[in-house]
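This is what each chain is made of:
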Amino acid sequence: MTIKPIRRITGGAVQYDGAGVKLVRIIGYNDVKDFDPFLMLDAFDSDNPEDYIKGFPWHPHRGIETVTYLIDGEIDHGDSLGNRGSIDEGCCQWMTGGSGIIHQEMPQASEHMLGCQLWINLPQKDKMTEPAYRDIRKEMIPVVKEPGMEVRVISGTYHNTAGPEKGDYVATTYLDVKLEGNQTWSMSFEAENTVFIYIVRGSIHVDGQQVLLHRAILFGEGDTVEFKAEEDGARFFLYAGKPLKEPVAWAGPIVMNTSEELRIARQELQNGTFIKHK
Ligand code: MN
């Protein structure tokens, strides 16, 4: 067993996206090499509806999956497959953009909004797969209770408990972990996986240093992450997946492998042939 050291800590940057949603982009365009197969992590943590109420009106996606998970708050959505509904607190929406989807994501005013949207890249061979949408309700997400901790398994497996999702295209581990003060946590992964966490509450002591709230930690070489919560406890999301190591051509909500594929996508959006599956 080799403990993974910290490779990089990032707090991201405040960005405005959609129709004017204030969010923190924890990872994004410039982080592809380090975080492959993960492209983006947008974090929401706000008690001011003005930050997010303008939402993300109708926009396209192609070549990626977007995974939205909320601890608190509510997001109404609709898409070109005919899905309509809302992501409520404790729920997760796993959307495969594939060949093309047009959707909108509209956060509703609530006392607090806490959650994030992760973008997972699709392998070259699956970029144009059929779009799909999975509504993972709170009650579908198993909660593993161990002394001093609670682990919600959204995707992949934790200590023999499988989540409702596994990642059909990129095998992905997605956990929501709550630790009491000073509680140690560890988990092993296949060595080639990219593994990172994002701290949503409290702070963590890892690799000889304290890492604060709203930071992401990318781990380096090894097969096991091991750290403990600081005295005030911690809650974090953990993501793991195998890098694709493929060329990335990224334009806004569309991520392909070549600039020619981006040009085709733009042209199809203009002439109304972007959507291949309804
Ligand atoms: Mn979107």
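To be clear, the structure that these remarks concern was listed above.
A few points on the structure. It should be emphasised that the depicted structure is a prediction, and the values quoted were computed from it without experimental measurement.

Quick word on the environment of E261
Within the secondary structure, E261 is located in helix α2 (residues 259-271). A residue is classified by how much of its surface remains accessible, and E261, at 24% relative accessible area, is partly exposed. When the C-alpha atoms of E261 and W250 are compared, they prove to be 10.0 Å apart, with 11 residues separating the residues in sequence. Only 3.0 Å separates the side chain of E261 from the backbone nitrogen of T258, close enough to count as a polar contact.

Some details on the coordination of the manganese ion
For the manganese ion, every protein donor is listed as H59 (NE2), H61 (NE2), H103 (NE2) and E105 (OE), and the spread of their distances is 2.1 to 2.4 Å. On the primary sequence, the residues serving as donors to the manganese ion are separated as H-x1-H-x41-H-x1-E. Linking H59 in strand β5 (residues 56-61) with E105 in strand β10 (residues 101-107), this pair joins segments that are 46 residues apart in sequence. The same class applies to H59 as to E105, namely buried.

Some thoughts on the pairing of strand β8 (residues 84-87)
Across 4 bridges, the pairing between strand β7 (residues 75-79) and β8 is antiparallel. Bridged to H77 within β8 is G85. Hairpin connection from β7 to β8: 4 residues lie between these consecutive antiparallel strands, with G82 at a positive phi of about 95 degrees.

Here's the deal with the layout of surface pockets
In this structure, the largest pocket encloses a volume near 400 Å³. Around the largest pocket, the lining is made up of 21 residues, and of these R7, K33, D34, T194 and P243 lie nearest the centre. For the lining of the largest pocket, the elements supplying multiple residues, two or more each, are α1 (32-35), β19 (194-206) and β21 (216-219). A per-element tally of the lining of the largest pocket places α1 first, with 3 residues. Split by residue class, the lining of the largest pocket holds 8 nonpolar, 4 polar and 9 charged.

What counts and how
- Sequence positions are assigned chain by chain, starting from 1 and proceeding in written order.
- The model is predicted, so local features are restricted to residues of pLDDT at least 70 and side-chain atom pairs to those at 80 or more, both for listing and for counting; the totals for chains, interfaces and linings are taken over all residues.
- Heavy atoms throughout the structure, all of them, feed into the side-chain values; hydrogens and water do not.
- Under the DSSP-based scheme used, a helix requires at least four consecutive residues in state H or I and a strand at least two consecutive residues in state E, with every element numbered from the N terminus.
- Burial classification: accessible surface area is computed with a 1.4 Å probe over protein chains only, and a residue below 20% of its type maximum counts as buried, one above 50% as exposed, and the rest as partly exposed.
- Any N or O atom pair separated by 3.5 Å or less is treated as a polar contact, with the protein-specific requirement of one donor-capable and one acceptor-capable atom, and with residues adjacent in sequence counted only for side-chain atom pairs.
- Coordination here is defined by N, O and S atoms within 2.8 Å of the metal (3.2 Å for Na, K and Ca), and since water is not considered, a site can look incomplete.
- Should DSSP find at least two bridges between two strands, the strands are regarded as paired.
- In this analysis the probe radius is 1.4 Å and the grid spacing 1 Å, with only protein atoms considered; a cavity is a set of points the probe fits into but cannot get out of, a pocket is an open set with protein on both sides within 12 Å along at least five of seven lines, and lining residues have an atom within 4 Å of a point.
- Grid points are joined across faces, edges and corners, and a volume is the space filled by probe spheres set on the points.
- Charged residues are taken to be Asp, Glu, Lys and Arg, nonpolar residues to be Ala, Val, Leu, Ile, Met, Phe, Trp, Tyr, Cys and Pro, and polar residues to be all remaining types, Gly included.

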